[in-house]
Amino acid sequence: MSDDGRPLTSFAQGLRALREQANAPTLKELAKRAGYAQPRLSELFNAKKMPSDDLLRDVVQALEGDAEAWLMRLKDLRVAEEEHQASSLRRGDTTGARIARLEHENKRLLALTCHPDSVIAQAKVADEAAAARMDAASALETQARMLLTQATDQFRQAHERMPAVQRQADSLIADARATADRCVLQGRIEQERIIQEANDRAEAITRKGQQEASALKQRAIEYAKEHRSKAATSVDRMLEEVDQLRAEAEQAVKQAQTQRSTMERRAKVEIERLVREAQRSLDAAGAAEEAQTLEKLLLDFNISDSHTDVRGRHARRPPQPGQHASPPAGGGTIPPPMGGSVTSGAGQRRRPWGFPQPRG
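So, here is what we can say about the structure in this document. Keep in mind it's a predicted model, so treat the numbers as computed, not measured. (Residues numbered from 1 in each chain as written. Predicted model: local features only at pLDDT ≥ 70, side-chain atom pairs only at ≥ 80, totals over all residues. Heavy atoms only, no water.)

**Remarks on the overall build of the protein chain**
Helix and strand counts for the protein chain come out as nine helices and two strands. The secondary structure elements of the protein chain, listed N-terminal to C-terminal, are α-α-α-α-α-α-α-α-α-β-β. By residue count, 18% of the 360 residues in the protein chain fall in the buried class. Considering only contacts in the protein chain between residues 6 or more positions apart, those separated by 24 or more positions represent 62%. For the protein chain, the accessible surface area stands at approximately 26,900 Å², while carbon and sulfur atoms represent 55% of it. (Helix = DSSP H or I, 4+ residues; strand = E, 2+ residues; numbered from the N terminus. Buried < 20%, exposed > 50% of the residue type's maximum accessible area, 1.4 Å probe, protein only. Contact = heavy atoms within 4.5 Å. Areas by Shrake-Rupley, 256 points an atom, 1.4 Å probe, with all protein chains shown as cover.)

As structure tokens, this is what we get:
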């Protein structure tokens, strides 16, 4: 196909190139693939008519091409073709140009007629196939008329039998309605029976559940009472044990205090006895000053002449003649009983001696 400068011709040449890339299928094969008649495909590939979107999409897909890209090219083609036609109108068209185009078209048609694969040859084949189809269609029309006649006769017969059929249908409909009413009635009765059974079972289950709940509640109350009683007994027993332990602790404290007091008195008596023996030994040795110093020591500790009531081996013995019955030779004083205040030779007050008291 020669290029005459039209955008549609260039577009058709592109489609021919796509067809060549797809192994150049014939128009007959392509018509089967795309689902269109051969004349429409011939117009497409020979730039005779602007194709539609559906035709172009189906043909490009049959040739395994990009349909969306070709649709975009088709939009551009329509715009370019309108511009080309407007330009041709502006330029004008002379008679010589028209004759030249007609001669070119005649030559192209003669070439197509001589070529066996041309559109005209294919059109002849299609014409022959159409004639054969027309014959077949005539035969089918005759057969259809015969069938229509038979159908008309059957319809007439059916129309004649219509009253009897209508009566049978009415009878069947009445029977069906009666049967349906009976089924509905039986269904309602069965439904009510099932509902009643379900209510009875639900009430029985509810009563059983309430009884079991009451029994569980009663057992829980009894268990709580028993547990409360055991807890109270345990608490009472623990309180008694605590009271007993407190009494034992108080008694032990009293005993310890008594033992402490006794041990204090015995310790003081023993200290005084030892000091007196030491004084006697010092007096016998002629060391009156040292004896006086021991007497001051007794005064400092508030031990002198305070344990005459103690019995046993720790009891105070009366002073022997020549010992400390008279004031000692240093100008000191006889120590007062334990528990009173003591005045030393220098006139100072001293705190009475004693063991430390236990804390509260």
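**A short note on the packing of helix α2 (residues 27-34) against helix α4 (residues 53-62)**
Relative orientation and spacing of two packed helices are given, respectively, by the angle between their axes and the distance between those axes. Running from N to C, α2 and α4 cross one another at 110°; their axes reach a closest spacing of 9 Å. Considering their axes alone, α2 and α4 lie roughly perpendicular with respect to each other. Taken as a pair, α2 and α4 cross one another with a handedness that is right-handed. Packed against α2, whose contacting residues are Leu30, Arg33 and Ala34, the element α4 presents Asp58, Val59 and Ala62 at the interface. (Axes fitted to C-alpha atoms, helices over the stretch in contact; angles between N-to-C directions. Parallel < 35°, antiparallel > 145°, perpendicular 65-115°, else oblique. Left-handed = near helix turned anticlockwise from the far one by under 90°.)

**What about the nonpolar core?**
Counting 26 residues, the largest nonpolar core has Leu15, Leu41, Leu56 and Val59 as its most contacted members. Every element with two or more residues in this core is listed here: α1 (7-21), α2, α3 (38-45), α4 and α5 (67-91). Among residues more than four places away in sequence, those in contact with Leu56 are Phe11, Leu15, Trp70, Leu71 and Leu74. (Core = buried A, V, L, I, M, F, W, Y, C linked by side-chain atoms within 4.5 Å.)

**Concerning the pattern of salt bridges**
Going through the model one piece at a time under the given rule, you end up with 14 salt bridges. Linking Asp153 and Arg156 is a salt bridge whose minimum nitrogen-to-oxygen distance equals 3.1 Å. Taken as a pair, Asp153 and Arg156 lie in helix α7 (residues 119-160) at a separation of three residues, close to a single helical turn. Given the relative accessible area of 34%, Asp153 is considered partly exposed. The partly exposed category is assigned to Arg156, whose relative accessible area is 46%. Within this structure, Glu190, Arg193 and Glu197 form a network of salt bridges that share partners. (Salt bridge = Lys/Arg side-chain N within 4 Å of Asp/Glu carboxyl O.)

**A closer look at the packing of aromatic side chains**
Evaluation of the coordinates by the stated rule reveals one aromatic pair. Arranged with centres 5.3 Å apart and planes meeting at 80°, the rings of Phe11 and Trp70 form a pair that is edge-to-face. Note that Phe11 is positioned in helix α1 and Trp70 in helix α5, a separation of 59 residues in sequence. No difference in accessibility class separates Phe11 from Trp70, as the two residues are buried. (Phe/Tyr/Trp six-rings, centres within 6.5 Å; stacked < 30°, edge-to-face > 60°.)

**Regarding the packing of helix α8 (residues 162-284) against helix α9 (residues 288-301)**
Relative to each other, α8 and α9 sit at 165°, their axes nearing to 8 Å. Taken together, α8 and α9 sit at an angle that is classed as roughly antiparallel. Crossing geometry of α8 relative to α9 is assigned as left-handed. Taken together, the residues of α9 that come into contact with α8 (itself represented by Glu272, Val275, Arg276, Ala278, Gln279, Leu282 and Asp283) are Ala288, Glu290, Ala291, Leu294, Glu295 and Leu298. Among the residues forming the contact of α8 with α9, the class breakdown is seven nonpolar, one polar and five charged. (Nonpolar A, V, L, I, M, F, W, Y, C, P; charged D, E, K, R; others polar.)

**Concerning unusual backbone geometry**
Trans peptide bonds make up most of the peptide bonds, and negative phi angles are found at most residues other than glycine. Unlike most non-glycine residues, Ala24 shows phi in positive territory, near 50°. Counting through the fold element by element, Ala24 comes out in the loop between α1 and α2. Given a relative accessible area of 36%, Ala24 falls into the partly exposed group. With phi around 60°, Ala47 is a residue other than glycine that occupies positive phi space. Note that Ala47 resides in the loop between α3 and α4. On the basis of relative accessible area, Ala47 is assigned to the buried category, the value being 5%.

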